Amino acid sequence: MRAIGVVRKLDQLGRIVIPKELRKKYSINVDDDIEILVDSDTIILQKFVPRCVFCQNPSETIRVFKEKHICRDCWDSITAHGL
């Protein structure tokens, strides 16, 4: 990771503003879901991409079943085995 020279203060509700330049660069738009990850003592913000609960692959063909994301390949495998 590298520092980009941007520092933001947390407001009273614990919010920060992501600079417009970064939102534009990473195609983050109003109402997009942002995923919060933690690695040791580092907090990582990234645009949320649904991933299959079984194979963890991001896919354009994700289905939602009982609030779980399942890709087409895993869905086909499950239904082929009658599960």
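Residues numbered from 1 in each chain as written. Predicted model: local features only at pLDDT ≥ 70, side-chain atom pairs only at ≥ 80, totals over all residues. Heavy atoms only, no water.

> Just checking my understanding: could you explain the overall build of the protein chain for this structure?
When helices and strands are tallied, the protein chain shows two helices and four strands. Listed N to C, the secondary structure of the protein chain is α-β-β-β-β-α in terms of helices and strands. Computed over the C-alpha atoms, the radius of gyration of the protein chain is 17 Å, more than 25% above the 12 Å expected from 2.2 N^0.38 for a compact globule of 83 residues. Projecting the C-alpha coordinates of the protein chain onto the three principal axes gives extents of approximately 55 × 30 × 25 Å. (Helix = DSSP H or I, 4+ residues; strand = E, 2+ residues; numbered from the N terminus. Rg over C-alpha atoms; globule rule 2.2 N^0.38 Å.)

> I'm lost on the pairing of strand β2 (residues 42–47) in this one. Help?
Where a strand is regular, its side chains alternate between the two sheet faces. Bridging between strand β1 (residues 34–39) and β2 involves six bridges; their strand directions are antiparallel. Bridging across to β2, I36 finds its partner in L45. Joining the antiparallel neighbours β1 and β2 is a turn of two residues, in which S40 adopts a positive phi near 60°. (Pairing = 2+ DSSP bridges.)

> Explanation requested: the layout of surface pockets in the structure shown.
A water-sized probe rolled over the atoms picks out the places where empty space is left. If you add up the space inside the largest pocket, you get close to 760 Å³. Elements with a contribution of two residues or more to the lining of the largest pocket: α1 (20–25) and β2. With five residues, β2 is the single largest residue contributor to the lining of the largest pocket. Looking at the lining of the largest pocket, its residues break down into 15 nonpolar, one polar and four charged. Counted as a void, the second largest pocket has a volume near 150 Å³. For the second largest pocket, the full set of lining residues is I18, R23, I28, N29, V30, I34 and L45. Split into classes, the residues belonging to the lining of the second largest pocket amount to five nonpolar, one polar and one charged. (1 Å grid on protein atoms, 1.4 Å probe; cavity = no way out; pocket = protein on both sides within 12 Å on 5 of 7 lines; lining within 4 Å. Points joined across faces, edges and corners; volume = space filled by probe spheres on them. Nonpolar A, V, L, I, M, F, W, Y, C, P; charged D, E, K, R; others polar.)

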